[in-house]
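Structural description and commentary
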Amino acid sequence: YKLSVSPEMDIMEYCRKEWRGNTPAAKRMRKGYEAVAQKFASIRRIRGDNYCAFRATLFQALSQATQVPRWLQSEDFTMLPENLLSKYDWIKQWQLRQKPGKRMGEISDEIKEYLILLRKKWKNISEIKGPLEKQEACDKLFKNEEEEYSLYEALKFLMLNTAIELYNADKSGRRVPVFSWLLFARDTSSNPCQLMHNHLNHIGHSGGLEQVEMFLLAYALQYTIQVYRLYKHSTDEFITLYPNDPEEDWPVVTLITEDDRHYNVPVRMCQETML
């Protein structure tokens, strides 16, 4: 049994344990952790499978949730699978976790259930007032493997929906964010169908999120994802925002990465930062 989100540990203690040597890389990592420690006291390790970007982002979003996002409250939110399927036949090739080969006609209902679960969990956790109780509820959710992975399926489907919206907006001449061009400029994802086949269907199985897909996740959730990229310390990419021109009213979640592949989460903002 693996913990999805490990208990908190002092950031500098964690850093000393992980980066002992005197190589240039180790020195840079230590500098990076020192910079994070100016703002946050502790770190929680995120389980390192191909879902870790989802896990870190969702854990942070729920840990600080005080309300349900607007898009999650909309009437037709749970109708997404049916609505998309009625327009795009190729979505039938969506691959469910651990159920490869199941036909989309049959799994439309399952994805609907995952979306309903996402709304329910978000609502329940955001209604908890005490920070300790809220944290306990998050810890409990991320110990329930079945529910946890169902939520990642919901996030993947929301990313597909967002990609379709951006692609259509661009085709009809509306303004789209720059990352959307980059997303569809790849040979492997020149349209949403290819994006699904070559990328989204593989997330969690044989690969994690690439950087351009971090933008897509941020747009799907309408959250700004702020990432300390430790190996970029002392460059202007040390703190990267997805998206880099966020909407002002989007909440912010903060992650840490040493290599753009695995993500951990900083917790406990230092007092002076909060003031």
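Residues numbered from 1 in each chain as written. Predicted model: local features only at pLDDT ≥ 70, side-chain atom pairs only at ≥ 80, totals over all residues. Heavy atoms only, no water.

This paragraph deals with the overall build of the protein chain. Across its full length, the protein chain carries 12 helices and six strands. Relative to its length of 275 residues, the protein chain is compact, with a C-alpha radius of gyration of 19 Å against a globular reference of 19 Å. Long-range pairs, those at least 24 residues apart, make up 73% of the contacts in the protein chain with a sequence separation of at least 6. Accessible area for the protein chain stands at about 14000 Å²; split by element, carbon and sulfur atoms hold 49% of it. Of note, the protein chain has its 38 positive side-chain charges centred 3 Å away from the centre of its 38 negative side-chain charges. (Helix = DSSP H or I, 4+ residues; strand = E, 2+ residues; numbered from the N terminus. Rg over C-alpha atoms; globule rule 2.2 N^0.38 Å. Contact = heavy atoms within 4.5 Å. Areas by Shrake-Rupley, 256 points an atom, 1.4 Å probe, with all protein chains shown as cover. Lys, Arg positive; Asp, Glu negative; His and termini not counted. Charge placed at Lys NZ, Arg CZ, Asp CG, Glu CD.)

Right, let's talk about the packing of aromatic side chains for a bit. Taken as a whole and assessed by the stated rule, the structure comprises 18 aromatic pairs. With a centroid separation of 4.9 Å and an interplanar angle of 75 degrees, the aromatic rings of F215 and Y242 are classed as edge-to-face. With F215 in helix α11 (residues 211–221) and Y242 in strand β4 (residues 239–242), this residue pair connects regions lying 27 residues apart in the sequence. Each member of the pair F215 and Y242 is classed as buried. Their ring planes at 85 degrees and their centres at 5.2 Å tell us that Y219 and W250 sit as a pair that is edge-to-face. Residue Y219 is found in helix α11, and its partner W250 is found in the loop between β4 and β5 (252–257); the two are separated by 31 residues along the sequence. Accessibility assignment for this pair places Y219 and W250 in one class, buried. (Phe/Tyr/Trp six-rings, centres within 6.5 Å; stacked < 30°, edge-to-face > 60°. Buried < 20%, exposed > 50% of the residue type's maximum accessible area, 1.4 Å probe, protein only.)

So, on to the pattern of salt bridges. Taken as a whole and assessed by the stated rule, the structure comprises 17 salt bridges. One salt bridge in this structure joins R47 and E145, with 3.4 Å as the shortest N-O distance. Taken together, the residues span a long stretch of sequence, with R47 in the loop between β2 (40–44) and α3 (52–63) and E145 in helix α8 (residues 145–171) at a distance of 98 residues. Taking the relative accessible area as the measure of exposure, R47 reaches 14% and is therefore buried. On the basis of relative accessible area, E145 is assigned to the partly exposed category, the value being 39%. Ionic pairing is found between E147 and K121, a salt bridge with its closest N-O pair at 3.2 Å. Taken together, the residues span a long stretch of sequence, with E147 in helix α8 and K121 in helix α6 (residues 104–126) at a distance of 26 residues. Across the pair, exposure class does not vary: E147 and K121 are buried alike. (Salt bridge = Lys/Arg side-chain N within 4 Å of Asp/Glu carboxyl O.)

Turning next to the side chain of K121. A relative accessible area of 17% places K121 in the buried class. Sequence-distant contacts of K121, defined by excluding residues within four places in its chain, comprise L141 and E147.

This part covers α3. Between its first and last C-alpha atoms α3 spans 16 Å; for 12 residues at 1.5 Å apiece the expected length is 16 Å, and the two agree. Judged by how many residues are buried, α3 sits mostly within the fold: 12 of 12 residues are covered. All of the buried residues in α3 are C52, A53, F54, R55, A56, T57, L58, F59, Q60, A61, L62 and S63. (Expected span 1.5 Å × (residues − 1).)

Attention shifts here to the packing of helix α1 (residues 11–18) against helix α2 (residues 24–37). It is at 9 Å that the axes of α1 and α2 come closest, and there the two elements cross at 170 degrees. On the basis of their axis angle, the class for α1 and α2 is roughly antiparallel. Judged by residue contacts, I11, M12, Y14 and C15 of α1 engage R30, Y33, E34, V36 and A37 from α2. Tallied by class, residues from the contact of α1 with α2 come to seven nonpolar, no polar and two charged. (Axes fitted to C-alpha atoms, helices over the stretch in contact; angles between N-to-C directions. Parallel < 35°, antiparallel > 145°, perpendicular 65-115°, else oblique. Nonpolar A, V, L, I, M, F, W, Y, C, P; charged D, E, K, R; others polar.)

Before going further, it helps to examine the UniProt feature "site: Linear diubiquitin binding" (unreviewed entry) in the protein chain. The positions UniProt marks with the feature "site: Linear diubiquitin binding" (unreviewed entry) are E237. For E237, the side chain forms a polar contact with the side chain of R229, separated by 3.4 Å. (UniProt positions renumbered as here; feature names shortened; annotations may be inferred. Polar contact = N/O pair within 3.5 Å; in protein donor to acceptor, adjacent residues only side chain to side chain.)

For the rest of this paragraph, the subject is α11. Burial within α11 is extensive, with 10 of its 11 residues counted as buried. Every buried residue belonging to α11 is among V212, E213, M214, F215, L216, L217, A218, Y219, A220 and L221, and all of these are buried. Once α11 finishes, Q222 follows within two positions and takes phi at roughly 55 degrees, a positive value.

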